[in-house]
Amino acid sequence: MTEQVSFYFDVSCPYCWVTSRWMKEAEKVRDINVTWLPMSLSVLNEGRDLPEDYQYMMDCNWTPARLFTVVQLEDGGDAVDKLYTALGTKIHNEDRIDRHARFDDPNSAFDELITEALAEVGLPQERLAQAKTGDFDAQLRENQRLAMEGVGDEVGTPVVKLGDNAFFGPVITRIPRGEAAGQMFDAAVGLAQFPYFFELKRSRTESPQFD
C-alpha cells in the first residue's frame, strides 16, 4: 500500500533540509508518494517580537518561500520537488548563504542561488520576478494554514503529514540512508496511527550534518 505523505518545508531551514533528505532516502526503499508543499517561517513569525538578526533572516526568506509557491501553481509538484533539491543543496550543502550578512535589499538575498537553481532544473527565470511580488501570497498563506492546522502554530518546519495525522518534524541531525531510512519511516508511520500520540522530544546535542 502506498503511503501518502504531505511535506511542508521552508527551504531556508537546515533541520528541515535534513528531514527532507531522509524522506528522499526513504522513497528509495518504501512505497511512498510525497507531495512537497511550501510553507513559510516568515509568515509564521509575522508580527512577533524577534531578535534583530532573526528578523532580518525572516525578511530575506520571503522571496524563496514565494518562489516555491509560484512554482507550485505554475509548474506543479514535481517541479517543486526538483527545485527544492537544487536550491536546498546550494544553501545547505554548499553553504553559499551568509546568514549574518547584510544585503541592501533582503528580498534579493537568495537571487543568485535562485537564478542558478531555476536554470539547473529547467524552470523559467521569470519565476524569480514573480516571487518578488505578493501575487501568490494567498496560496502561500493557505499552505501555511493547512500546515499549522494539523500541528498548531507554536512549531516550525518541517510539518509532515502521515495519513490522517501531522507532526512537526521529525527533527533529525543526520540523514539515514538505505534501510535505516526505511525503518525510521516505518516508525514514524506507526506512531502517526495513534491519534492521541503528540510528542517525543529531547535536547539537541549536535548541529545538522548534510553529508
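Whatever comes next refers back to the structure up there.
Residues numbered from 1 in each chain as written. Predicted model: local features only at pLDDT ≥ 70, side-chain atom pairs only at ≥ 80, totals over all residues. Heavy atoms only, no water.

A. The overall build of the protein chain, seen in detail. Within the protein chain, the secondary structure is distributed over 8 helices and 4 strands. Ordered by position from N to C terminus, the α and β elements of the protein chain give β-α-β-α-α-α-α-α-α-β-β-α. Principal-axis analysis of the C-alpha atoms gives the protein chain an extent of 45 × 40 × 35 Å. The 211 residues of the protein chain split such that 48% are buried. Partitioning the contacts of the protein chain with sequence separation of at least 6, the portion at a separation of at least 24 is 75%. (Helix = DSSP H or I, 4+ residues; strand = E, 2+ residues; numbered from the N terminus. Buried < 20%, exposed > 50% of the residue type's maximum accessible area, 1.4 Å probe, protein only. Contact = heavy atoms within 4.5 Å.)

B. Inspection of the sheet that holds strand β4 (residues 165–168) at higher detail. Taken together, the 4 strands give an open sheet; going across it, the order is β2-β1-β3-β4, and neighbouring strands pair in mixed fashion. The strands lining the two open edges of the sheet, one partner per strand, are β2 (32–38) and β4. In this sheet, neighbouring strand axes are inclined to one another by 20° on average, regardless of whether the strands run parallel or antiparallel. With 4 bridges connecting them, strand β3 (residues 159–162) and β4 associate as antiparallel partners. (Pairing = 2+ DSSP bridges. Axes fitted to C-alpha atoms, helices over the stretch in contact; angles between N-to-C directions.)

C. Examining the packing of aromatic side chains more closely. Applying the stated criterion across every chain, the model contains 9 aromatic pairs. An angle of 50° between the planes, with centres 6.4 Å apart, marks the rings of Trp22 and Phe185 as tilted. Taken together, the residues Trp22 in helix α1 (residues 14–29) and Phe185 in helix α8 (residues 179–192) connect sequence positions 163 residues apart. Residue class for Phe185 comes out buried when judged on its relative accessible area of 2%. Within the aromatic cluster, the residues linked to one another by ring pairs are Phe7, Phe9, Trp17, Trp36, Phe68 and Tyr84. One cation-aromatic arrangement involves Arg204 over Tyr15; the distance from NZ or CZ to the ring centre is 4.4 Å. (Phe/Tyr/Trp six-rings, centres within 6.5 Å; stacked < 30°, edge-to-face > 60°. Lys NZ or Arg CZ within 6 Å of the ring centre and 35° of its normal.)

D. Seen up close, the nonpolar core. Core analysis: the largest hydrophobic core is formed by 59 residues, its most contacted members being Met23, Leu87 and Phe185. Not counting chain neighbours up to four residues away, the residues in contact with Met23 comprise Val5, Phe7, Val34, Trp36, Val160 and Phe185. (Core = buried A, V, L, I, M, F, W, Y, C linked by side-chain atoms within 4.5 Å.)

E. Fine view of helix α5 (residues 111–121). Within α5, burial applies to Asp111, Leu113, Ile114, Ala117 and Leu118. Mapping the buried residues of α5 onto a view down its axis gives an arc of 160°, with all of them on the same face. Among the exposed residues of α5, those oriented more than 90 degrees off its buried face are Glu112, Ala119 and Glu120. Where the residues of α5 are buried, they touch α3 (52–74), α4 (77–93) and α6 (126–131). Gly122, located one to two residues past α5, shows a positive phi value of around 75°. (Arc of directions from axis to C-beta.)

F. View of the side chain of Asn143. Among the secondary structure elements, Asn143 is positioned in helix α7 (residues 137–149). Take Asn143: its relative accessible area is 2%, and that puts it in the buried class. Beyond its immediate sequence surroundings of up to four residues, Asn143 is in contact with Tyr8, Pro38 and Gln72.

G. Spotlight on the environment of Val70. Here Val70 is to be found in helix α3. Along the primary structure Val70 and Gln139 are separated by 69 residues, whereas in three dimensions their C-alpha atoms are 8.8 Å apart.

H. Looking closely at the packing of α3 against α7. Viewed as axis vectors pointing N to C, α3 and α7 meet at an angle of 95°, and their least axial separation amounts to 9 Å. Taken together, α3 and α7 sit at an angle that is classed as roughly perpendicular. Of the residues in α7, those in contact with Trp62, Ala65, Arg66, Thr69, Gln72 and Leu73 of α3 are Asp137, Gln139, Leu140, Arg141 and Asn143. Partitioned by chemical class, the residues of the contact of α3 with α7 number 4 nonpolar, 4 polar and 3 charged. (Parallel < 35°, antiparallel > 145°, perpendicular 65-115°, else oblique. Nonpolar A, V, L, I, M, F, W, Y, C, P; charged D, E, K, R; others polar.)

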